[in-house]
Amino acid sequence: MKGLWFIARNKTVLGVCMVLVVMLFLDGAEGVILLVITKQILQKTDFHYGVITTVKGVGMALASISAMRWVKRKKQSNMQTLCCLGYIKILMVFLMAYSRHYMFLALIVFLEAYFWVSMTIIESIILQSELPPEYRGSVYAFYGSLCWMAGFVGTLLFGMVADHIAIPAAVTIEATLAFGSIILIHSKMKKREKAPD
């Protein structure tokens, strides 16, 4: 309960949690999208799906190495950057569902992985600066459970919707929900940052 109480009181931590929960809601559908879309493109095989996941891993690895450098140089606040990267991730997942060329899909997956890991790096920077040591364990425990639940709900909703309509349309619905949520969170955080202390 201490973690929940701290998140509710600290608007910056609450904003970070909300952004990542929305992203993980969308991420819940991504694994299904990649598997299905990869095999739909000219009837690609498990080997091609393995190549795509390897490309994703390379994007994540490069972000782990290089993202910290440009994060330190940026002029925007960490929260502004987190939301902007959220928009990019939403766009990348949307484009995945509409990819009809294997190399284009690989590029989209690489970029999505790079920006997703960049988001998690910025998330860690913000939380480490905002969380006092005595709250870190309880906050991360509650936050981790929330993120897991968001991914589960995203996957479940995507599967239910995709049973009735085409996968690209199902992705469009989830991406639209995520986009609207991030716009709302972003606008709230911008107002808070502009407000006088």
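Everything below is about the structure shown above.
My aim in this report is to walk through the structure given alongside it, one point at a time. This is a predicted model, so every value here is computed, not measured.

Our next topic: the packing of helix 4 (residues 78–97) against helix 5 (residues 102–130). As a packed pair, helix 4 and helix 5 sit with axes 9 Å apart at the nearest point and diverge in direction by 155°. When the axes of helix 4 and helix 5 are compared, the pair comes out roughly antiparallel. In the crossing of helix 4 with helix 5, the sense of the turn from one axis to the other is left-handed. Here the contact of helix 4 with helix 5 is composed, by residue class, of 19 nonpolar, four polar and three charged.

Looking now at the packing of aromatic side chains. For the coordinates displayed, the defined rule picks out four aromatic pairs. Ring centres 4.8 Å apart and planes at 40° place the aromatic pair Phe94 and Tyr98 in the tilted group. Judged by its relative accessible area of 39%, Tyr98 falls in the partly exposed class. Judged by centre distance (5.6 Å) and plane angle (85°), the ring pair of Tyr114 and Phe115 falls under edge-to-face. The positively charged end of Lys89 is found above the aromatic ring belonging to Trp116, 4.5 Å away from the centroid.

Looking now at the pattern of salt bridges. Applying the stated rule across the entire model yields five salt bridges. With a shortest N-O distance of 2.7 Å, Glu30 and Lys56 are connected by a salt bridge. Of this pair, Glu30 sits in helix 2 (residues 11–40) while Lys56 sits in helix 3 (residues 46–73), placing them 26 residues apart in sequence. Assessed through its relative accessible area of 2%, Glu30 is described here as buried. It is possible to trace a salt-bridge network through shared partners that takes in Asp27, Glu30, Lys56, Lys89 and Glu112.

About the thresholds
Residues numbered from 1 in each chain as written. Predicted model: local features only at pLDDT ≥ 70, side-chain atom pairs only at ≥ 80, totals over all residues. Heavy atoms only, no water. Axes fitted to C-alpha atoms, helices over the stretch in contact; angles between N-to-C directions. Helix = DSSP H or I, 4+ residues; strand = E, 2+ residues; numbered from the N terminus. Parallel < 35°, antiparallel > 145°, perpendicular 65-115°, else oblique. Left-handed = near helix turned anticlockwise from the far one by under 90°. Nonpolar A, V, L, I, M, F, W, Y, C, P; charged D, E, K, R; others polar. Phe/Tyr/Trp six-rings, centres within 6.5 Å; stacked < 30°, edge-to-face > 60°. Buried < 20%, exposed > 50% of the residue type's maximum accessible area, 1.4 Å probe, protein only. Lys NZ or Arg CZ within 6 Å of the ring centre and 35° of its normal. Salt bridge = Lys/Arg side-chain N within 4 Å of Asp/Glu carboxyl O.

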